[in-house]
Amino acid sequence: MKVKKEYFIENVSLIFYKIVLDLVYVFFICDEYRYHLTFKVDFDFVRFTEGWILCILLISLLPRKKTITSNYLLMQFVITIVPMLVIYGLYERSRYFIYLICAVHGLQCVLEKVVKVRLVSSTTLLQGRAVNKNVIVLITASVLILTLVEFGLPTFQSFNVTNVYEIRAEKAVSGILAYFLFWFINAILPMVLVYSMSKKRKIIFLLFSALTLFLYLTYAHKSWLFSIFFVIAIYIVSKLDLYRKACCIAFPVLISFCMLCYEFNKKLLALPSMFVRRVLFVPADIKFEYFDFFQHREKLLFSEGMIGKIFRMEPRYNKEIALIIGDELGELGSSCNTGYLADAYANLGTLGVVLFALLLFVILKSLDLILNKEHVDVNFSVLSYSLFTLNDGALLTRLLTGGLALLIVMLILERNRSQEKGEVSGTKDTLFTDG
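Sequence order as written defines the numbering, with residues in each chain counted from 1. Residues qualify for local features only when their pLDDT is at least 70, as the model is predicted, and side-chain atom pairs are given and counted only at 80 or more; totals for whole chains, interfaces and linings, by contrast, use all residues. Side-chain metrics in this entry use all non-hydrogen atoms of the structure; hydrogen atoms and water are not considered.

A. Fine view of the packing of helix H11 (residues 270-294) against helix H13 (residues 321-328). Between H11 and H13, whose axes approach to 10 Å, the crossing angle comes to 100°. Compared by their axis directions, H11 and H13 come out roughly perpendicular. Between H11 and H13, the contacting residues are Ile286, Glu289, Tyr290, Phe293 and Phe294 on the first element and Ile321, Ala322, Ile324, Ile325 and Glu328 on the second. Geometry is summarised by axes, namely lines fitted to C-alpha atoms with helices restricted to the contacting stretch, and by angles between N-to-C directions that run from 0 to 180 degrees. Counting from the N terminus, the helices are the DSSP runs of H or I reaching at least four residues and the strands are the DSSP runs of E reaching at least two. Relative orientations are named as follows: roughly parallel for angles under 35 degrees, roughly antiparallel for angles over 145 degrees, roughly perpendicular for angles from 65 to 115 degrees, and oblique for any other angle. Whether two residues touch is decided by their heavy atoms; if any such pair falls within 4.5 Å, the residues are in contact.

B. Quick peek at the confidence of the model for the protein. Values of pLDDT, which run from 0 to 100, indicate the predictor's confidence residue by residue. Confidence in the prediction for the protein averages 89 pLDDT; 92% of positions are at 70 or higher. By mean pLDDT, the top-scoring element of the protein is helix H3 (residues 68-90) (98), and the lowest-scoring one is helix H18 (residues 404-420) (79). Contacts of residues 417-429 to residues separated by more than four positions or lying in other chains number 28 contacts, the stretch itself having pLDDT below 50.

C. Focus on the packing of H3 against helix H15 (residues 350-370). Relative orientation of the contacting elements H3 and H15 amounts to 140°, with a least axis distance of 8 Å. In terms of their interaxial angle, H3 and H15 are classed as oblique. Of the residues in H15, those in contact with Ile68, Thr69 and Tyr72 of H3 are Leu360, Phe361, Leu364, Lys365, Leu367 and Asp368. Residues are grouped as follows: Ala, Val, Leu, Ile, Met, Phe, Trp, Tyr, Cys and Pro are nonpolar; Asp, Glu, Lys and Arg are charged; every other residue, Gly included, is polar. Of the residues belonging to the contact of H3 with H15, the class tally is six nonpolar, one polar and two charged.

D. Representation of a nonpolar patch on the surface. On the surface, Ile15, Phe16, Ile19, Leu23, Phe27 and Ile56 cluster together into a nonpolar patch covering about 560 Å² of accessible area. The biggest single contributor to the nonpolar patch is helix H1 (residues 2-32), with five residues. Along the chain, isoleucine 15 falls in helix H1. Accessibility expressed as a relative area gives 30% for isoleucine 15, which makes it partly exposed. Only residues whose relative accessible area exceeds 30% and that form no salt bridge are eligible for patches; like-charged ones are grouped when within 9 Å, while nonpolar side chains (Val, Leu, Ile, Met, Phe, Trp, Tyr) are grouped when within 5 Å. Note on areas: these come from Shrake-Rupley sampling with a 1.4 Å probe, and a residue is covered only by the protein chains present in the view. In what follows, salt bridge is the name for a side-chain nitrogen of Lys or Arg lying within 4 Å of a carboxyl oxygen of Asp or Glu. Relative accessible area decides the class of each residue, using a 1.4 Å probe on protein chains only: under 20% of the type maximum gives buried, over 50% gives exposed, and in between gives partly exposed.

E. Quick peek at unusual backbone geometry. Of note, the phi angle at lysine 200 is positive, near 60°, even though the residue is not glycine. Tracing the chain through its elements places lysine 200 in the loop between helix H7 (175-198) and helix H8 (202-219). At arginine 312, a position not held by glycine, the phi torsion is positive, near 50°. Looking at where arginine 312 falls in the secondary structure, it is placed in the loop between helix H12 (306-310) and H13. Judged by relative accessible area, which is 74%, arginine 312 ranks as exposed.

F. Examining the environment of serine 94 more closely. Structurally, serine 94 can be placed in the loop between H3 and helix H4 (95-114). Using a relative accessible area of 14% as the deciding quantity, one classes serine 94 as buried. Once the C-alpha coordinates of serine 94 and glutamate 289 are considered, the two residues, 195 residues apart in sequence, prove to be 9.7 Å apart. Throughout this description, a polar contact denotes any pair of N or O atoms lying within 3.5 Å of each other; where both atoms belong to protein, one of them has to be capable of donating a hydrogen while the other can accept it, and for residues adjacent in sequence the pair is counted only when both atoms sit in side chains. Among the polar contacts listed, one links the side chain of serine 94 to the backbone nitrogen of tyrosine 96, at a separation of 3.4 Å. Separated by 3.0 Å, the side chain of serine 94 and the backbone nitrogen of phenylalanine 97 make a polar contact.

G. Representation of helix H9 (residues 222-239) within the structure. Helix length check: H9 (18 residues) gives 26 Å between terminal C-alpha atoms against 26 Å at 1.5 Å per residue, within 8%. Among all positions of H9, only Trp224, Ser227, Ile228, Phe230, Val231, Ile232, Ile234, Tyr235, Val237 and Ser238 are buried. If you follow the buried residues of H9, they end up packed against H3, H7, H8, helix H10 (243-264) and helix H16 (376-388). The span expected for a helix works out to 1.5 Å for each residue beyond the first.

H. Geometry of the pattern of salt bridges. In this structure the tally under the stated criterion is 15 salt bridges. Here aspartate 241 makes a salt bridge to lysine 66, at a shortest N to O gap of 4.0 Å. You can see aspartate 241 sitting in the loop between H9 and H10 and its partner lysine 66 sitting in the loop between helix H2 (45-61) and H3, a full 175 residues away along the chain. On the basis of relative accessible area, lysine 66 is assigned to the partly exposed category, the value being 48%. The salt bridge partner of glutamate 112 is lysine 365, with a shortest N-O separation of 2.5 Å. Of the two residues, glutamate 112 sits in helix H4 while lysine 365 sits in helix H15, which places them 253 residues apart along the sequence. Residue lysine 365 is classed as buried on the basis of its relative accessible area, which comes to 6%.

I. Layout of the packing of aromatic side chains. Working definition: rings of Phe, Tyr and Trp (its six-membered ring) pair if their centres are within 6.5 Å, and the pair is stacked with planes under 30 degrees apart, edge-to-face with planes over 60 apart, and tilted otherwise. Under the defined criterion, the tally for this structure stands at 30 aromatic pairs. Both rings, one in tyrosine 25 and one in phenylalanine 281, keep their centres 5.4 Å apart while their planes meet at 45°; by these two values the pair is tilted. Residue tyrosine 25 is found in helix H1, and its partner phenylalanine 281 is found in helix H11; the two are separated by 256 residues along the sequence. A single burial state applies to tyrosine 25 and to phenylalanine 281, both of which are buried. Seen from their ring centres, phenylalanine 159 and tyrosine 216 are 6.4 Å apart, and the 45° between their planes marks the pair as tilted.

J. Representation of the nonpolar core within the structure. One finds Tyr25, Tyr72, Phe77, Phe184, Ile255 and Phe281 to be the most contacted residues of the largest nonpolar core, which totals 131 residues. The element contributing the most residues to this core is H3, with 16 residues. In contact with tyrosine 25, not counting residues within four places along its chain, are Cys30, Thr38, Phe39, Lys40, Val41, Val86, Ile87, Leu90, Tyr91 and Phe281. Definition used in this section: a nonpolar core is a set of buried Ala, Val, Leu, Ile, Met, Phe, Trp, Tyr and Cys residues joined via side-chain atoms within 4.5 Å.

K. Layout of H8. Between its first and last C-alpha, H8 extends 26 Å over 18 residues, near the 26 Å set by a 1.5 Å rise per residue. Among all positions of H8, only Phe205, Phe208, Ser209, Leu211, Thr212, Phe214, Leu215, Tyr216, Leu217, Thr218 and Tyr219 are buried. Count one or two residues on from H8 and you reach alanine 220, which has phi positive near 65°.

L. How the structure looks around the side chain of glutamine 76. Its place among the elements puts glutamine 76 in helix H3. Among the polar contacts made by the side chain of glutamine 76, one reaches the side chain of glutamine 108 at a distance of 2.8 Å. Glutamine 76 has contacts with Ile81, His105, Gln108, Tyr340 and Leu341, leaving out every residue within four places of it along the chain.

Below is the structure:
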């Protein structure tokens, strides 16, 4: 009975979340940002009803397990699916695309419910912990040294948010430094932060936080600072066994708080703008734009990115698709990347959406199969930021150049070290342990 009551509260909270986003879209997004080409209201009762039916159906399909896969599917529903349903219900957007996205998300949820996995033995790498430490030291030192050599000590201009785009343009990076920066932010930093919190290594935590601040001052990417707070928050709520409540209840409460602050003082526009508009509605809007652009045009077939470079594929368009979509949205010169499902459609159409949804499910389910079940809170916290970035990033890009594959390997090395020491049932973390 207690479990059913908890599920009921979660379901009601998610319905309330949809109501809150509906209201925010109409009375804030389409009002404050009405100059944007696609932030408009064109109410149609049938479409609005469809959006609500799809939302309630997907809420009923959400898995309730304590696994990495289940945790991610809830994250995907909250930050990706619901904002898209809101836009679809209140503005004329593709019915085919929203049904396709909801179908593959529902398929992932059903598979998570029916696929049973048990922790399996894997080949033990005796020096797994040493390998991880060496990788961390190598990438961290490379990022610090190359940044200092290339740009020297930073100023404090990045604290003025009006300067960030100018600073980014001046300090654009490429080559090995670009890879190391992505690997540090998306893989090394989350792992070090989580394990230093888990083992109470305050000095290590502060050193890596300070290094991230140094990188922000140099390169002015706000998301890098956000990643610290995001990982910390996920770790805390996961350790307290409050992750589901945080997604279901805290999100609508936090959005409502941001809107109340803005209504109280219009100078606090940055709160709802950065959190509600930028994190939720802009990525949702861009996904629809990608579908509209590629619905009747030639697909990319992976001509952009690492695969295209490896096979020396000719580009399908005269410039990068992210820049083309930026032009389509009236944001000339802006690079509009999109989430892994819309990117899959841009490359392979409907087949790509299904294949990449299944590929991500297989990756996450494999981690549930390999990693220690007792460490779900730690493992998911480490992975959380990389998984979060799939809302506006391609899956292959995140895997190959964004650090997700590296992070998965490092987690497996940690798991193998635990098995060698017979600690699977002892729930000891191994990174930064003594001896």
